[in-house]
Amino acid sequence: MGTKKVVHVVGTGTVGEPLIGLLAGMKEPLGIDEVTFHKRTPLLTDRAKVRHLMKRGARLAVDESARKGFQDIGIEPAFEHNEALRQASVVIDCTPSSVGLQNKTQFYEKYRETTLGFIAQGSEFGFGKMYAKGINDSALVPGQDQFIQVVSCNTHNLSVLVDLIALKDGGPENLIEGRFVCIRRANDISQDGSFVPSPQVGTHKDAQFGTHHARDAYHLFATLGYKLDLYSSAMKVNSQYMHTIWFNIRVRRPTTVESIRERFVSDERVAMTYKNTANVVFSFGRDHGLFGRILNQTVIVTQSLAMRGDKEIVGTCFTPQDGNSLLSSLAATLWFLYPDSYEQKLEPVRPYFFREI
């Protein structure tokens, strides 16, 4: 492995595009020497996006079979994809669901000796150790955890709720159960497909956890040795703004709304809001966030917090698009590059952790 710190991003979609832009635009303060990215298909509709990422300083890698197609639309690639993989210190896979696992087998396993680490996104169950910034950093083992799966945006959200409401007030034994309803946006505003015309109810495919959100949170906390009682349901609504989560968390130690609220307010992973509609919270992120993203793990609607008795907490929160996944992808990247100082390396993005929205 060379001394040059090169980050290679595979995919230019909802997560890949802002991540490439963030890494390229802030590479100097983040301690990154070069950013490269892979795009599979030359499309006129994506030409402006690719050119803008290249203008920011990111260098394009393509499959050799696609090189002429990119040249035909006026884009000159800098690398063939395997060439970019060979020189990469860290590879971040941002491809659609299940493609990351295929890439691991087809490409990444071949470069284990020359690459510090590989990171995939939430849908790639089984890619590597699950990770969410601020939840299980202590579970990452330098030299051992070469493959990391950043959990989904909604899994980030429900995990930080469990962490702050239950675990911070007595450890894993304090949690009796966590129940969550993930009310998901139909698709991202950058996507044309998969929109739904009306609310669409999901199914409970996992007998123990319901949906993958609770399943992934369980495995995330399992990296710390915890076995938690978590269950989630999901549905889609005809919106492109933000996911919303309703939660019900039962604990063993008596607590109050005031103490829970104080815990939220004092933690940088949480943004509080008195806004109760997804569109205005989304708009705040668009106007004030990094690449329009809110990097907090969750946005709690303050007035929604309530107690049923003194051991059952309910409330509603918004999931910050994919901002929390972007932050964890960045944190994992810096952990591979600077395992002893990655927290300090995150300072340039901390202004985008909002305390109030």
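Everything below is about the structure printed above this text.
Parameters at a glance
Residues numbered from 1 in each chain as written. Predicted model: local features only at pLDDT ≥ 70, side-chain atom pairs only at ≥ 80, totals over all residues. Heavy atoms only, no water. Helix = DSSP H or I, 4+ residues; strand = E, 2+ residues; numbered from the N terminus. Rg over C-alpha atoms; globule rule 2.2 N^0.38 Å. Buried < 20%, exposed > 50% of the residue type's maximum accessible area, 1.4 Å probe, protein only. Areas by Shrake-Rupley, 256 points an atom, 1.4 Å probe, with all protein chains shown as cover. Phe/Tyr/Trp six-rings, centres within 6.5 Å; stacked < 30°, edge-to-face > 60°. Lys NZ or Arg CZ within 6 Å of the ring centre and 35° of its normal. Pairing = 2+ DSSP bridges. Axes fitted to C-alpha atoms, helices over the stretch in contact; angles between N-to-C directions. Parallel < 35°, antiparallel > 145°, perpendicular 65-115°, else oblique. Left-handed = near helix turned anticlockwise from the far one by under 90°. Contact = heavy atoms within 4.5 Å. Nonpolar A, V, L, I, M, F, W, Y, C, P; charged D, E, K, R; others polar. Core = buried A, V, L, I, M, F, W, Y, C linked by side-chain atoms within 4.5 Å. Expected span 1.5 Å × (residues − 1).

1. What about the overall build of the protein chain?
Across its full length, the protein chain carries twelve helices and 16 strands. For 357 residues, the compact-globule estimate of 2.2 N^0.38 gives 21 Å, and the C-alpha radius of gyration of the protein chain, at 20 Å, lies within 12% of that figure. The buried share of the protein chain, taken over its 357 residues, is 58%. Accessible surface, the protein chain as shown: approximately 14900 Å² in total, 49% of it carbon and sulfur.

2. With respect to the packing of aromatic side chains
In total, this model carries nine aromatic pairs according to the counting rule given. Ring plane angle 25 degrees and centroid distance 5.2 Å describe the contact between tyrosine 108 and phenylalanine 118, whose orientation is recorded as stacked. Highlighted residues: tyrosine 108 in the loop between helix H6 (99-106) and strand S6 (117-120) and phenylalanine 118 in strand S6, separated in sequence by ten residues. Cluster of aromatic residues (ring-pair linked, three or more members): Tyr108, Phe118, Phe127 and Phe147. When the ring centre of phenylalanine 125 is taken as origin, the NZ or CZ atom of arginine 215, which lies over that ring, is 3.9 Å away.

3. Regarding the sheet that holds strand S7 (residues 129-131)
Strand pairing in a sheet relies on backbone hydrogen bonds, with the paired strands running either antiparallel or parallel. Spatially, eight strands are ordered S4-S3-S2-S1-S5-S6-S8-S7 in an open sheet, and the strand pairing comes out parallel. At either end of the open sheet lies a strand with only one pairing partner, and these are strand S4 (79-80) and S7. Pairing of strand S1 (residues 6-10) with strand S2 (residues 34-38), which is carried by five bridges, proceeds in the parallel orientation. Note on S2: the bridge partner recorded for histidine 8 is threonine 36.

4. What to know about the packing of helix H7 (residues 153-165) against helix H8 (residues 212-222)
One way to put it is that H7 packs onto H8 with a least axis distance of 9 Å and a crossing angle of 55 degrees. Between H7 and H8, the angle falls in the class oblique. For the crossing formed where H7 meets H8, the hand is right-handed. Seen from H7, the contacting residues are Asn154, Thr155, Leu158, Ser159, Val162 and Asp163; seen from H8, they are His212, His213, Ala214, Asp216, Ala217, Leu220 and Phe221. Residue composition of the contact of H7 with H8, by class: six nonpolar, five polar and two charged.

5. A closer look at the nonpolar core
Leu23, Leu30, Phe37, Ile92, Tyr131, Leu330 and Val349 are the most contacted members of the largest nonpolar core, which totals 46 residues. Contributing elements (two or more residues each) for this core: S1, helix H1 (16-25), S2, helix H3 (47-55), strand S3 (59-62), strand S5 (90-93), strand S8 (147-150) and helix H11 (323-337). Filtering out sequence-adjacent residues up to four positions away, leucine 23 remains in contact with Val7, Val9, Leu30, Ile32, Val35, Ile92 and Leu330. Residues Ile135, Phe180, Phe209 and Leu305 belong to the second largest nonpolar core, which totals 37 residues.

6. A look at H7
Because an α-helix completes one turn every 3.6 residues, residues spaced three or four positions apart along the sequence face the same direction. Spanning 13 residues, H7 covers 19 Å between terminal C-alpha atoms, matching the ideal 18 Å at 1.5 Å per step. Within H7, 13 of the 13 residues are buried, leaving the element largely enclosed by the surrounding structure.

7. Regarding the packing of H7 against H11
For the pair H7 and H11, interaxial distance at closest approach is 7 Å and the crossing angle is 90 degrees. The angle between H7 and H11 falls in the class roughly perpendicular. Only Asn324, Ser325 and Ser328 of H11 make contact with H7, whose side of the interface consists of Cys153, His156 and Asn157. Broken down by class, the residue content of the contact of H7 with H11 amounts to one nonpolar, five polar and no charged.

Purely geometric stuff here, so don't read any function into it on its own.
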